[in-house]
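Fold and contact review
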Amino acid sequence: MSTSTSAVSFRQYGGNAAENYDRYFVPTIGTPFATALLDTAGLQVGERVLDIACGTGVVTRLAAQQVGPTGAVAGLDVNQAMLAVARSAPSSGTAIEWHEANAESLPLADGSFDVVLSSLGLQFVADKASALREMRRVLAPEGRLAIATVGPTPPLFAILEEALGRHVKPEVAAFIRAVFSLYEPQELEKLTSGAGFRNAEVRSKTLSLTLPEPREFLWQYVHSTPLAAAVAQIDDEARAALEHDVVAGWRTFTKDGTITDDICIVLTTARK
Ligand SMILES: C[S@@+](CC[C@H](N)C(=O)[O-])C[C@H]1O[C@@H](n2cnc3c(N)ncnc32)[C@H](O)[C@@H]1O
């Protein structure tokens, strides 16, 4: 399902959720995904790289380190709050250009990048076919695409989705479904080839995440995502019930004060 029609989407991401995203989500989840994506992309010194749906810039900054000062790196996101955090973070070496725009319509010249990357973003874009056509348009001939998405929903997040539906609203639980909505190899291959890319390949890999203890992780995740605003609207009793059910459900994943969970990263690669 598309988040453009669901109640909770990254378009309403505001308040200090972007700062929390960078503080909590990026070290525990964003960085392992970014590292796996960059391993797959095989960036070379001097390449021109675009990071679509860059958020606070974890992939963008790692790409800048890898291509070095002779390369060029740009990050693009639709959300102003995420970009504000991205712009404020120090980056080493290569200067990064930041663009506030929708992935469906890139304000960038044809053929201006060697590599287009995107981590944990394409599943939130309403018109994925347009976004992929735009990614292909801005790539130079033979340019490479590498996209990371996630799914299917691991049991840890299925528990959260269920509790959000029960104690907040079904439309709010839909956010979790959107996160894990784009992982089927056939769908990803069709979308990528349909946008004109060649050699589309989709591979899944298991990442083992280490997360804080249940109560802490629950509230870090809620306050790092667009869930924050929706959960702020429920009363104390509903909030306590949400916490109770999630913490109880997550107990089996917890050992020595941390949650460990396996999650599937889906890596889609292709060439112009
Ligand atoms: C889970 S965050 C991922 C951010 C970053 N890539 C990372 O790995 O940390 C999803 C990002 O997708 C962005 N996004 C959602 N829809 C978008 C669109 N149509 N165009 C550009 N960015 C979009 C959101 O604003 C958000 O920053």
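Report on the accompanying structure. (Residues numbered from 1 in each chain as written. Predicted model: local features only at pLDDT ≥ 70, side-chain atom pairs only at ≥ 80, totals over all residues. Heavy atoms only, no water.)

Quick look at the site of the ligand now. Neighbouring the ligand are 17 residues, the closest being Tyr21, Ala53, Asp77, Ala103 and Ser119. The separation between a nitrogen atom of the ligand and a polar main-chain atom of Ala103 is 2.9 Å. Residues of the shell around the ligand, tallied by class, amount to 12 nonpolar, four polar and one charged. (Near = heavy atom within 4 Å. Polar contact = N/O pair within 3.5 Å; in protein donor to acceptor, adjacent residues only side chain to side chain. Nonpolar A, V, L, I, M, F, W, Y, C, P; charged D, E, K, R; others polar.)

Viewed as axis vectors pointing N to C, helix α8 (residues 214-224) and helix α10 (residues 236-250) meet at an angle of 125 degrees, and their least axial separation amounts to 9 Å. The pairing of α8 with α10 is recorded here as oblique in orientation. Between α8 and α10 lies a crossing whose hand is right-handed. Here Pro214, Arg215, Phe217, Leu218 and Trp219 of α8 come into contact with α10, specifically with Arg239, Leu242, Glu243, Val246, Val247 and Trp250. (Axes fitted to C-alpha atoms, helices over the stretch in contact; angles between N-to-C directions. Helix = DSSP H or I, 4+ residues; strand = E, 2+ residues; numbered from the N terminus. Parallel < 35°, antiparallel > 145°, perpendicular 65-115°, else oblique. Left-handed = near helix turned anticlockwise from the far one by under 90°. Contact = heavy atoms within 4.5 Å.)

Turning to helix α2 (residues 58-67), a few remarks are in order. Burial within α2 is extensive, with seven of its 10 residues counted as buried. Looking only at α2, the buried set comprises Val58, Val59, Thr60, Arg61, Ala63, Ala64 and Val67. Tucked into the core, α2 has its buried residues touching α1 (17-41), β1 (48-52), β2 (72-77), α3 (80-88), β3 (96-100) and β4 (113-119). Backbone geometry just after α2 places Gly68 at a positive phi near 70 degrees. (Buried < 20%, exposed > 50% of the residue type's maximum accessible area, 1.4 Å probe, protein only.)

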